[in-house]
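# A look at the structure
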Amino acid sequence: MKVLTATEATQGTRADDYSWTTPGELVMFGAVCASDLRGTGQPCGCGRAFAGLHSARATTTAEVVESAMSLDDLVLAFRDSLTCGGWLDDLPPQDAAELVQLSVMEMLVVADRFPAGTVIGTHLGSQYVRQEAGAR
Ligand SMILES: [Zn+2]
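Notes on the structure in this doc start here. Every chain begins its residue count from 1, and numbering advances along the sequence as written. At least 70 in pLDDT is required for a residue's local features to be given in this predicted model, at least 80 for side-chain atom pairs to be given and counted, and no such filter applies to totals for whole chains, interfaces and linings, which use all residues. Water and hydrogen atoms play no part in the side-chain values, which are based on all heavy atoms of the structure.

### Description of the coordination of the zinc ion
The condition that has to hold: Distances up to 2.8 Å from the metal define which N, O and S atoms are donors, and 3.2 Å serves for Na, K and Ca; water is absent from the atom set, so sites may look incomplete. Between buried and exposed lies partly exposed: a residue is buried under 20% and exposed over 50% of the maximum accessible area for its type, with that area taken using a 1.4 Å probe on protein chains only.
The protein atoms that coordinate the zinc ion are Cys33 (SG), Cys44 (SG) and Cys46 (SG), at distances spanning 2.0 to 2.1 Å. Summarised as a motif, the one-chain spacing of the donors to the zinc ion is C-x10-C-x1-C. Residue class for Cys44 comes out exposed when judged on its relative accessible area of 54%.

### Description of helix α2 (residues 71-84)
Let me state the cut-off plainly: Helical segments are the DSSP runs of H or I of at least four residues, strand segments are the runs of E of at least two, and each set is numbered from the N terminus. Take the number of residues in a helix, subtract one, and multiply by 1.5 Å to get its expected span. What the arc describes is the spread of directions from the helix axis to the C-beta atoms.
Compared with the 20 Å implied by 1.5 Å per residue over 14 residues, the 20 Å span of α2 between its first and last C-alpha is a close match. The complete set of buried residues in α2 reads Leu74, Phe78, Ser81 and Leu82. Mapping the buried residues of α2 onto a view down its axis gives an arc of 95°, with all of them on the same face. Those residues of α2 that are exposed and aimed more than 90 degrees away from the buried face are Asp72 and Cys84.

### Some remarks on the pattern of salt bridges
Heads up, the rule is: Any carboxyl oxygen of Asp or Glu within 4 Å of a side-chain nitrogen of Lys or Arg constitutes a salt bridge here.
Across all of its chains, the model carries three salt bridges by this definition. For Arg14, the salt bridge goes to Asp16, with nearest N and O atoms at 3.0 Å. Residue classification places Arg14 among the partly exposed residues on the basis of a relative accessible area of 33%. Between Arg130 and Asp17 there is a salt bridge; the shortest N-O distance is 2.8 Å. Of this pair, Arg130 sits in strand β7 (residues 126-131) while Asp17 sits in the loop between β1 (2-6) and β2 (27-28); the two residues are 113 residues apart in sequence, bridging distant segments of the chain. Across the pair, exposure class does not vary: Arg130 and Asp17 are buried alike.

### What about helix α3 (residues 93-112)?
The terminal C-alpha atoms of α3 lie 28 Å apart, and with 20 residues this matches the ideal 28 Å at 1.5 Å per residue to within 8%. Inspection of α3 places Ala96, Ala97, Val100, Ser103, Val104, Met107, Leu108, Val110 and Ala111 among the buried residues, and these make up the whole buried set.

Function cannot be inferred from these measures alone, as they are strictly geometric.
Take a look at the structure:
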């Protein structure tokens, strides 16, 4: 199945790009703060971010990659990352399981919309193509 991973590809083509993740690591969509959601004042940039599962850092660029990981592997990876980040603290087990599943599904649904090799950006829940697959 296709997944989203951090990439340096197309970094710097937008003035507001940033990349603090480790290239190749799985990414998810993180929480977006009120400042970015409202679009008022000084946006902090989290509304354009993919969150690295391992680094717990953010990037504005992700690549759609064909992966041999199973769904169970993905759920485990997301659960570990969300646990390490404290996102599951104090959640009832059922709510924690739902948050993990939603995070995985959100990533998979987006990855499935693009051919493997596509570099995408995101803005407040909408994704766009930054580089077509096979353009490198
Ligand atoms: Zn923010």
